[in-house]
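Given next are the chains, with one letter for each unit.
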Amino acid sequence: MKSDLRPYGRRAFLGIVAGGVAALVWGRPLQRVTARLSPVSAFFVTGGWRIYTVAATMPRFDQDRWRLRIDGLVEHPQELTYRELLKLPQATQVSTFHCVTGWTVQNVHWQGVRFADLLAAAKPLPSAKALTFVSAEEPYADSLTLEQALLPDVMLAHSMDGRPLTRPHGAPARVVIPEMYGYKNVKWVGRIELTAAPADGYWEVRGYDRDAYVGHSNGH
Ligand SMILES: Nc1nc2c(c(=O)[nH]1)N[C@H]1C(S)=C(S)[C@@H](COP(=O)(O)O)O[C@H]1N2
Ligand SMILES: [Mo]
């Protein structure tokens, strides 16, 4: 059974102003809409993006307390601070972002760290073949094979269009893999676990393909 991928802002906002009507329009129980109410529900979004979340509130980034854990099948588990992340070799790219529901944002400027550089100090064991990205927004998570994560235009991004990632876009760090649909681009990454095999992510458990190559996977 496949669930709907639902944008955060618009429906929740409409839910605030017209909960009953919204429920009728979308044919869903009122409960589904009101469950999404939160202080950030009416966040204004521009530039073609739609903000997706699965929890009621977005994680809040505290620059001094934030840590990125890298663990699992590695020789040296890591706990990176935000400053340490910014000190790793930096990469930039311009790529197009596709959500499986049909919207696209062209020419997004990303800055971040390639996974080869991010994982170097941790030293993945030979048995490590995949990564699970655990979001601070529970229970969102998704995985990539090591091979996919090491593609030349894949990164853990901390900046978008010249500025640090905003909270709705996953501050302070999100996965960017342009050849796959948006749901593989995990926001608010707090932990990367190296594993022997890829695990099904949030949307994959709900019916979407694990290998979410744009144009070559389900979800349309
Ligand atoms: N933590 C988390 N990451 C997520 C999602 C989410 O709901 N929670 N949605 C995914 C989907 S389906 C898409 S299309 C993109 C949307 O990115 P945006 O919210 O920055 O527009 O985020 C992806 N990463
Ligand atoms: Mo998406």
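In this text, all values refer to a predicted model and were calculated from it rather than measured experimentally.

## Describing the overall build of the chain
Then comes step 1: Of regular secondary structure, the chain possesses six helices and 10 strands.
Then comes step 2: Buried residues in the chain amount to 49% of all 220 residues.
Then comes step 3: Taking as baseline every contact in the chain between residues at least 6 positions apart, the subset at least 24 positions apart corresponds to 65%.
Then comes step 4: Surface exposure of the chain reaches about 10,900 Å², of which carbon and sulfur atoms provide 54%.

## Some words on the pairing of strand S7 (residues 155–160)
Then comes step 1: A large share of S7 lies buried, amounting to six of its six residues.
Then comes step 2: The pairing of strand S4 (residues 104–114) with S7 spans five bridges and is classified as antiparallel. Residue pairing across strands places glutamine 111 opposite serine 159, the latter belonging to S7.

## Regarding the side chain of glutamine 93
Then comes step 1: As for its position among the elements, glutamine 93 is in strand S3 (residues 91–98).
Then comes step 2: One polar contact links glutamine 93 to serine 95, side chain to side chain, over a distance of 3.1 Å.
Then comes step 3: Within the structure, the side chain of glutamine 93 is placed 2.6 Å from the side chain of arginine 114, a separation counted as a polar contact.

## Comments concerning the site of ligand 1
Then comes step 1: Around ligand 1 there are 21 residues in total, and Arg50, Glu137, His169, Arg174 and Lys187 lie nearest to it.
Then comes step 2: In isolation ligand 1 has 530 Å² of accessible area, and contact with the protein removes 100% of it.
Then comes step 3: Taken together, the residues of the shell around ligand 1 sort by class into 12 nonpolar, five polar and four charged.
Then comes step 4: Split by domain, the residues of the shell around ligand 1 number at least three in each of domain 1 (10–53) and domain 2 (67–206).

What counts and what doesn't
Residues numbered from 1 in each chain as written. Chains lettered and ligands numbered in written order. Predicted model: local features only at pLDDT ≥ 70, side-chain atom pairs only at ≥ 80, totals over all residues. Heavy atoms only, no water. Helix = DSSP H or I, 4+ residues; strand = E, 2+ residues; numbered from the N terminus. Buried < 20%, exposed > 50% of the residue type's maximum accessible area, 1.4 Å probe, protein only. Contact = heavy atoms within 4.5 Å. Areas by Shrake-Rupley, 256 points an atom, 1.4 Å probe, with all protein chains shown as cover. Pairing = 2+ DSSP bridges. Polar contact = N/O pair within 3.5 Å; in protein donor to acceptor, adjacent residues only side chain to side chain. Near = heavy atom within 4 Å. Nonpolar A, V, L, I, M, F, W, Y, C, P; charged D, E, K, R; others polar. Domains from an automatic or database assignment.

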